[in-house]
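This is what each chain is made of:
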Amino acid sequence: MMRHLESEAAGLAGRRVVELGAGTGLAGIGLALCGAHVALTDLPEHLALLRINAQLNHADSVLVAPLAWGDDLTAFRAAGGDAFCDGGTDLVLVSDCIYNLSYAPALLQALRQLRGAAVLFAFSERNRDGEERFMDSVRQYYAVRELPPQPQQPPNMHLQYWTPLPAS
Amino acid sequence: MRHALLAEIASKRRVAIDEAQQQRVEYFGRTLVLQEDRLGGVAGSVWDCVRRRLPLGGAASRC
């Protein structure tokens with residue numbers, strides 16, 4: 001995902017980007033430094049790490065906010081995420097977030113709450129049957145396009161671009 | 001939720017958990033500094049390590 005974002009960063013300057021399950025925040029912080037308006041989100045207990053990493057990299061414009069998949073967006077809005085809601089997000093980043101497929105339905109719900117946004121989705125194959133079932137659910141709401149592999153991309157890793165279907 | 005589950009699994013399997021560490025990575029023509037959490041940063045890699053009973057340290061570098 002990072003190599004793809006490097007090639008797309010210029011076009012994302014000025015756009016609103018949300019990273020779900022951000023972890024260390026690498027992707028979002030990188031895009032913020034390239035001029036995107038970025039919200040790094042994760043569970044409340046992980047926000048301190050995201051704030052540290054934003055500070056370490058002088059990504060002062062980044063919003064760090066809680067967003068627990070399956071919950072509504074109240075906490076996210078309260079933390080300053082209003083501008084990213086109601087169609088305000090251009091792109092959502094999701095990297096390596098379906099290793100435990102029991103959380104996949106909640107993830108899809110969170111994505112749909114950020115309605116209108118395209119999704120850059122990266123995952124490693126771990127459970128093909130389960131991942132296929134998840135992708136069947138995704139295709140009800142998004143057109144899914146597999147992106148060409150980046151140099152040195154592991155063969156079991158997928159990078160996809162999801163575009164919301166008109167009725168979703 | 002996710003990390004709590006991983007921590008619980010790691011604990012039950014007695015997998016060593018590294019202390020928090022920083023790593024530097026090169027992206028966007030810059031050197032980015034990342035503080036990792038106790039589990040090694042990238043949850044999916046940690047998940048794989050736990051399932052395969054591999055050491056957790058530096059899991060992020062394998063992503």
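Described in the following lines is the structure provided in the data block. (Residues numbered from 1 in each chain as written. Chains lettered and ligands numbered in written order. Predicted model: local features only at pLDDT ≥ 70, side-chain atom pairs only at ≥ 80, totals over all residues.)

## Considering the overall build of chain B
- A tally of helices and strands in chain B yields two helices and two strands.
- Mapped in sequence order, the helices and strands of chain B form the string α-β-β-α.
- Here chain B holds 63 residues, and the buried ones make up 33% of them.
- Put simply, of all contacts in chain B between residues at least 6 apart along the chain, 37% involve residues at least 24 apart. (Helix = DSSP H or I, 4+ residues; strand = E, 2+ residues; numbered from the N terminus. Buried ≥ 20, exposed ≤ 12 C-beta atoms within 10 Å, placed from the backbone. Contact = placed C-beta atoms within 7 Å.)

## Observations concerning the pairing of strand 2 (residues 37-42) of chain A
Residue and element names in this part refer to chain A.
- Most of strand 2 is tucked away: six of the six residues are buried.
- By the bridge criterion, four bridges tie strand 1 (residues 16-20) to strand 2 in an arrangement that is parallel. Bridging from a neighbouring strand, Glu 19 pairs with Leu 40 of strand 2.
- Tracing the backbone out of strand 1, into helix 2 (residues 26-33) and back to the parallel element strand 2 gives a crossover that is right-handed.
- As judged from the four bridges shared by strand 2 and strand 3 (residues 63-66), these two strands associate in the parallel manner. (Pairing = 2+ DSSP bridges. Right-handed = clockwise from strand over helix to strand, strands pointing away.)

## A word on the environment of Phe121(A)
Residue and element names in this part refer to chain A.
- Topologically, Phe 121 is positioned in strand 5 (residues 118-124).
- Note on Phe 121: 26 C-beta atoms within 10 Å, which makes it buried.
- Spatially, the C-alpha atoms of Phe 121 and Asp 96 are 8.1 Å apart, while their sequence positions differ by 25 residues.
- When near neighbours in sequence (up to four residues on either side) are disregarded, Phe 121 contacts Val 94, Gln 160 and Trp 162.

## Quick word on the pairing of strand 1 of chain A
Residue and element names in this part refer to chain A.
- Burial runs high along strand 1: five of the five residues are buried.
- Judged by which residues are buried, strand 1 turns out to be covered on both faces: Arg 16, Val 18 and Leu 20 on one side and Val 17 and Glu 19 on the other are all buried.
- With four bridges joining them, strand 1 and strand 4 (residues 91-95) adopt parallel strand pairing. Note on strand 4: the bridge partner recorded for Val 18 is Val 92.

All we've got here are geometric facts, nothing functional implied.
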